[in-house]
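# Observations on the model geometry
If you want the building blocks of each chain, they are given just below.
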Amino acid sequence: MAIPMKDPAESKTRLAGTLTAAQRERMALALFRRAQTVFAMQFSYFERLVVTPSARIVTEATACNAAALVEESTRGLNSAAQSVFIWAKARGFDRLLIVPADIPVWLRSEVDELLDDGRKYDLVVARAHDGGTNALLIDLVRAERFEFCYGHYLVAREEFGSD
């Protein structure tokens, strides 16, 4: 499984009108640690990989017994998802679960359902209440390539029919 995470100082910017920069940073770090704890305890058989450009998060990941894939710069979620797809394919994994680091509540039953659906489908998307994505599960055996598109880039691709 992969957990993309940017530097906590750059996280939760949509809350800038409500929380101070220090509060947003603490929140992002707390949510990251919570995700690491949940998956380490409830899914100990998962190999956890944190994808980040942040030296601070690399240290946090290592302290949580997760591997880290360091990106050269803050290239965003699209790039992180692509990097981890290539990483997992090269290591011969048969499935890849990508989850955000900032989900406040993880329910084992929901993750189990996602994994069960992954046995039937090449791609499973756990949709967030706000229309975003809470998790992606990709069948790496059948997927030759994968391009994750999030945010404005996806809107542009849909509007202009780009490939």
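Before any of the text, the structure's been laid out above.
Since the structure is predicted, the reported quantities are computational estimates derived from the model, not experimental observations. (Residues numbered from 1 in each chain as written. Predicted model: local features only at pLDDT ≥ 70, side-chain atom pairs only at ≥ 80, totals over all residues. Heavy atoms only, no water.)

With that settled, consider the overall build of the protein. When helices and strands are tallied, the protein shows five helices and six strands. The order of α-helices and β-strands along the protein, N terminus first, is β-α-β-α-β-α-β-α-β-β-α. Residues counted as buried form 39% of the 163 residues belonging to the protein. Summarising the internal contacts of the protein: among those between residues at least 6 apart in sequence, 55% fall at separations of at least 24. (Helix = DSSP H or I, 4+ residues; strand = E, 2+ residues; numbered from the N terminus. Buried < 20%, exposed > 50% of the residue type's maximum accessible area, 1.4 Å probe, protein only. Contact = heavy atoms within 4.5 Å.)

Position of S54 relative to the elements: it lies in the loop between β2 (49–52) and α2 (55–63). Since its relative accessible area comes to 4%, S54 is described here as buried. If sequence neighbours within four positions are ignored, S54 has contacts with K6, D7 and P8.

Time to look at unusual backbone geometry. In this model, K12 sits at a positive phi of 60°, which is unusual for a non-glycine residue. Along the chain, K12 turns up in the loop between β1 (2–4) and α1 (21–42). Classification of K12 by relative accessible area gives partly exposed; the value is 22%. At N65, a residue that is not glycine, the phi angle is positive and equals roughly 60°. Structurally, N65 is set in the loop between α2 and β3 (67–70). Of the residues examined, N65 reaches a relative accessible area of 69% and is grouped as exposed.

Here we take up the packing of aromatic side chains. All told, the structure shown has seven aromatic pairs when counted by the stated rule. Centroid distance Y45 to F46: 4.9 Å. Interplanar angle 80°. Geometry classified as edge-to-face. Y45 sits in the exposed class, given a relative accessible area of 56%. Overall, F46 belongs to the buried group, its relative accessible area being 15%. Members of the aromatic cluster, each reached through a chain of ring pairs, are F39, F43, Y45, F46 and W106. In this structure, R108 packs its charged tip against the face of F43, placed 4.3 Å from the ring centre. (Phe/Tyr/Trp six-rings, centres within 6.5 Å; stacked < 30°, edge-to-face > 60°. Lys NZ or Arg CZ within 6 Å of the ring centre and 35° of its normal.)

The biggest cluster of nonpolar side chains holds 26 residues, and the ones touching the most others in it are F39, L97, V99 and W106. Only α1, α2, α4 (108–118) and β6 (133–139) provide two or more residues apiece to this core. In terms of residues, this core owes the most to one element, α1, which gives six residues. Once you skip the residues sitting within four places of it in the chain, V99 turns out to touch M1, A2, I3, P4, F39, W106, N134 and A135. Residues L49, V84, L96 and A143 belong to the second largest nonpolar core, which totals 16 residues. (Core = buried A, V, L, I, M, F, W, Y, C linked by side-chain atoms within 4.5 Å.)

In the structure shown here, the tally under the stated rule is eight salt bridges. D117 serves as the salt-bridge partner of K120, at 3.6 Å between the closest nitrogen and oxygen. For K120, a relative accessible area of 55% translates into the label exposed. When its relative accessible area of 22% is taken as the criterion, D117 is described as partly exposed. In this structure, R142 and D122 form a salt bridge, with 2.4 Å as the shortest nitrogen-oxygen distance. (Salt bridge = Lys/Arg side-chain N within 4 Å of Asp/Glu carboxyl O.)

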